[in-house]
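If you want the building blocks of each chain, they are given just below.
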Amino acid sequence: MFTGIVEELGRVVRLETVEDSARLTVEAPTVTQDVSLGDSVSVNGCCLTVAAVHGSTFTADLMAETLTRTTLGSQAPGDPVNLERALRASDRLGGHIVQGHVDATAEVLDHHRGEHWDLLRISLPQEIARYVAVKGSVALDGVSLTVVDVVDAPNTLDVSPVPGAEASLSVGLIPETLRRTTLGTRRPGERVNLEVDVLAKYAERLLGARPSQEGQQTC
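Description of the structure in this document. Small disclaimer: the values here were computed from a predicted structure and weren't measured. (Residues numbered from 1 in each chain as written. Predicted model: local features only at pLDDT ≥ 70, side-chain atom pairs only at ≥ 80, totals over all residues. Heavy atoms only, no water.)

A few points about the state of the cysteines
Reasoning step 1: One pass over the structure, following the stated rule, counts zero disulfides.
Reasoning step 2: For cysteine 46, which is in no disulfide, the shortest distance to another cysteine sulfur is to cysteine 47 and amounts to 9.1 Å.
Reasoning step 3: For cysteine 47, a relative accessible area of 31% gives the class partly exposed. (Disulfide = S-S within 2.5 Å. Buried < 20%, exposed > 50% of the residue type's maximum accessible area, 1.4 Å probe, protein only.)

Okay, here's the thing in structure tokens:
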């Protein structure tokens, strides 16, 4: 579990593809000071397990599901990545509860650069749009952010998605976020890893499983 507060901008050393999987090696002088084999590290919002540590680099395995659902398979040597070590029970929860389980990739639609802060608008796939609310939380490439606004597509709240129908959301990027993460360099057309707030998913699940008047579950 993570908070979405990026600790370090790491650098991709190499991405080795092996059939339907891959191994990602990242240079991370800060993170590697306190990680061991089997530890979890969020890399651009994806929870990965440390498989090897060599000096200031660590290596993690990427299975097919990770390559399919995230942007990690398109990383190249030299690319910066947002890194965060797993949350300790005694740590401050400065962002929000982030699992590192990416729900979808989303396209950057617009990046408006202001004098003191930026506004980033991204596409919002309809199948997860119902979990996003204004002033709620999302994680983009592992960065905890507050939703500024949501533009709904037709039938956004319908459980059955309509192909091609997408909503969008926007988030504000303060100077600290622009300095410490990769989001300040994101341009229209690029894709980011998107994770919605898991609490919204649990709320939907619990409401859908409420017993009916006949004493049977409705889901």
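Considering the pattern of salt bridges
Reasoning step 1: According to the stated counting rule, one finds 15 salt bridges in the structure shown.
Reasoning step 2: Among the ionic pairs, lysine 201 bridges to aspartate 103, the shortest N-O distance being 2.4 Å. With lysine 201 in helix α4 (residues 198–208) and aspartate 103 in the loop between β6 (80–85) and β7 (104–113), this pair connects stretches of sequence that are 98 residues apart.
Reasoning step 3: By relative accessible area, lysine 201 is classed as partly exposed at 27%.
Reasoning step 4: On the basis of relative accessible area, aspartate 103 is assigned to the buried category, the value being 13%.
Reasoning step 5: Among the salt bridges present, the one from arginine 186 reaches aspartate 141, with a minimum N-O distance of 3.3 Å. Of this pair, arginine 186 sits in the loop between α3 (175–180) and β12 (191–196) while aspartate 141 sits in the loop between β9 (137–140) and β10 (143–151), placing them 45 residues apart in sequence.
Reasoning step 6: For aspartate 141, a relative accessible area of 1% corresponds to the buried category.
Reasoning step 7: In this structure, a network of salt bridges that share partners links the residues Glu7, Asp34, Arg85 and Arg88. (Salt bridge = Lys/Arg side-chain N within 4 Å of Asp/Glu carboxyl O. Helix = DSSP H or I, 4+ residues; strand = E, 2+ residues; numbered from the N terminus.)

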